[in-house]
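Summary of the model geometry
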Amino acid sequence: MSLVPEAPRPRVVVSPDGLDIATYDHGDPDAPAVVAVHGFASSGLLNWHASGWTRELTRAGHRVVVVDQRGHGRSSKPHRPQEYSMDLLVADVTAVVDAYLLDDVAYLGYSLGARVGWHTADRIPDRISRAVLGGIPDADPMRRVRVDQARAFIEHGEPVEDRVTNAYLTMASGVPGNDLRALVAMVEGMRDSVEPRPDNAPTQPLLLAAGSEDGILAASQRLAAAAPRAEFVEIPGRNHFNAPTSRAFREAAIAFLQRTRADAEATQG
């Protein structure tokens, strides 16, 4: 018997450029909303539902709208690099916020989803009131992927000599339903996307987190120091790939969301 509750049926939101973005609505529709966005080569349900986040957040009184980013999960998976950019990923999240008629949203993101959240919070500060951003670096680690070797492997089965490229392909291949051509197109399409920087730091309350064994720990700490209202938590004993399953991370995130919402309500009252 599974300890994970059955996931809701996906609801499709159409992106501004006509792609299907799959979403999954958990909890009381009248509860404070959290929009949860996963990392590269994962999916919304794998990142946030199977790992216990939706269960714990709904128990804490939140509604959770989980998103499959384009190229992932049950969302559209185009193969053209020009259909992937940070602007398009931010527009997808904004379309979800609009479709669900959400005005006061907490954002939850990990890795790629955290990078998207940094820019979404910066661009629609009137809609995103607070954010938890886990595993967020100050640069795009996928820039190190050798797209030529990845395409040669996918199309012709040629061996991948580059260690980083091989690691990404191995990780992506291990997730059922992944489309390697779509994911490599995303890597190529996002090469020139804007990165998280001090000059585009969101001004909302932020909680940044990274595993103590994650190579991007110092970079995440620098970003937290650059944002005017950011806190940082180190996730003990976790690396970039297993940090989302950490109970300590979940507890710190939920405590932050509860506290910052209470602070906002006290200020408004």
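The rules we used
- Throughout this document, residue positions are counted from 1 along each chain, in the order its sequence is written.
- In view of the model being predicted, local features appear only for residues whose pLDDT reaches at least 70, and side-chain atom pairs are presented and counted only at 80 or more, with totals across whole chains, interfaces and linings using the full set of residues.
- Excluded from the side-chain calculation are hydrogens and water; included are all heavy atoms of the structure.
- For helices, the fitted axis covers only the stretch in contact; all axes are lines through C-alpha atoms, and the angles between them, taken along N-to-C directions, range from 0 to 180 degrees.
- In DSSP terms, a helix is any run of H or I states spanning at least four residues, a strand is any run of E spanning at least two, and both are numbered starting from the N terminus.
- Any angle that is under 35 degrees is reported as roughly parallel, and any over 145 degrees as roughly antiparallel; angles of 65 to 115 degrees are reported as roughly perpendicular and all others as oblique.
- We call two residues in contact whenever any of their non-hydrogen atoms come within 4.5 Å of each other.
- For two strands to count as paired, DSSP must find a minimum of two bridges between them.
- Here a pair means two rings of Phe, Tyr or Trp (six-membered ring of Trp) with centres within 6.5 Å. Their orientation is stacked below 30 degrees between planes, edge-to-face above 60, and tilted elsewhere.
- Think of it in three bands: with a 1.4 Å probe and only protein chains considered, a residue is buried below 20% of the maximum accessible area for its type, exposed above 50%, and partly exposed in between.
- To sit over a ring, a charge needs its Lys NZ or Arg CZ within 6 Å of the ring centre and within 35 degrees of the ring normal.
- When the near helix sits turned anticlockwise from the far one by under a right angle, the crossing is termed left-handed; a clockwise turn instead gives a right-handed crossing.
- Residues are grouped as follows: Ala, Val, Leu, Ile, Met, Phe, Trp, Tyr, Cys and Pro are nonpolar; Asp, Glu, Lys and Arg are charged; every other residue, Gly included, is polar.

**Observations regarding the packing of helix 3 (residues 86-99) against helix 4 (residues 112-123)**
It is at 9 Å that the axes of helix 3 and helix 4 come closest, and there the two elements cross at 75°. Considered as vectors, helix 3 and helix 4 are oriented roughly perpendicular to each other. For the pair helix 3 and helix 4, contact is made by Met-86, Asp-87, Leu-89, Val-90, Val-93 and Thr-94 and by Leu-112, Arg-115, Val-116, His-119, Thr-120 and Arg-123, respectively.

**Let's talk about the sheet that holds strand 3 (residues 33-37)**
Taken together, eight strands build an open sheet; the order of strands is 1-2-4-3-5-6-7-8 and the sheet is mixed. Two strands bound the open sheet, and with one partner strand each, they are strand 1 (11-14) and strand 8 (230-235). For this sheet, the mean inter-axis angle between neighbouring strands, taken without regard to orientation, is 25°. Pairing analysis gives six bridges linking strand 5 (residues 105-110) to strand 6 (residues 128-134), with the strands arranged parallel. Paired with Tyr-107 across the two strands is Ala-131, which belongs to strand 6. Packed onto the sheet, helix 4 meets strand 3, strand 5, strand 6 and strand 7 (206-211) and runs at close to 145° relative to strand 5. In the packing of helix 8 (residues 217-226) onto the sheet, contacts are made with strand 7 and strand 8, and the angle to strand 8 comes to roughly 160°.

**Description of the environment of Ala-225**
Looking at where Ala-225 falls in the secondary structure, it is placed in helix 8. Between the C-alpha atoms of Ala-225 and Pro-198, which are 27 residues apart in sequence, the distance is 8.8 Å.

**A few points about the packing of aromatic side chains**
Each aromatic ring pair is specified by the distance between its two centres and by the angle formed by the two planes. What the rule picks out here adds up to four aromatic pairs. For the ring pair Trp-53 and Phe-249, a centre distance of 4.9 Å and an interplane angle of 75° mean the geometry is edge-to-face. With a gap of 196 residues between them, Trp-53 in helix 2 (residues 53-59) and Phe-249 in helix 9 (residues 247-268) connect regions that are remote in the sequence. Residue Trp-53 shares its accessibility class with Phe-249, and that shared class is buried. Aromatic rings pair up to connect Trp-48, Trp-53, Tyr-110 and Phe-249 into one cluster. Here the guanidinium or amino end of Arg-11 rests over the ring plane of Tyr-100, the centre of that ring lying 4.2 Å away.

**Some thoughts on the side chain of Thr-165**
Within the fold, Thr-165 resides in helix 6 (residues 163-173). A relative accessible area of 0% places Thr-165 in the buried class. Leave out the neighbours within four places in its chain, and Thr-165 touches Arg-144, Val-145, Arg-146, Ala-150 and Val-160.

**Points about the pairing of strand 7**
The buried fraction of strand 7 is high, at six of six residues. Where strand 6 meets strand 7, four bridges bridge the pair, whose relative direction is parallel. Within strand 7, the position partnered with Val-132 by the bridge is Leu-207. Of the strand pairs in this sheet, strand 7 and strand 8 are connected by six bridges, and their pairing is parallel. Of the residues in strand 8, the one forming a bridge with Leu-208 is Phe-232.

**Some points on the environment of Ala-121**
Among the structural elements, Ala-121 can be located in helix 4. For Ala-121 and Ala-131, which are ten residues apart along the polypeptide, the C-alpha to C-alpha distance reads 7.6 Å. When residues no more than four places from it in sequence are discounted, the contact partners of Ala-121 are Ile-128, Pro-202 and Gln-204.

**Focus on the packing of helix 5 (residues 147-156) against helix 7 (residues 180-189)**
Their axes nearest at 10 Å, the elements helix 5 and helix 7 cross at an angle of 170°. Between helix 5 and helix 7, the crossing angle belongs to the class labelled roughly antiparallel. In this structure, helix 5 meets helix 7 at a crossing whose hand is left-handed. Seen from helix 5, the contacting residues are Val-147, Ala-150, Arg-151, Phe-153, Ile-154 and Glu-155; seen from helix 7, they are Leu-180, Arg-181, Val-184, Ala-185, Val-187 and Glu-188. A per-class count over the contact of helix 5 with helix 7 returns eight nonpolar, no polar and four charged.

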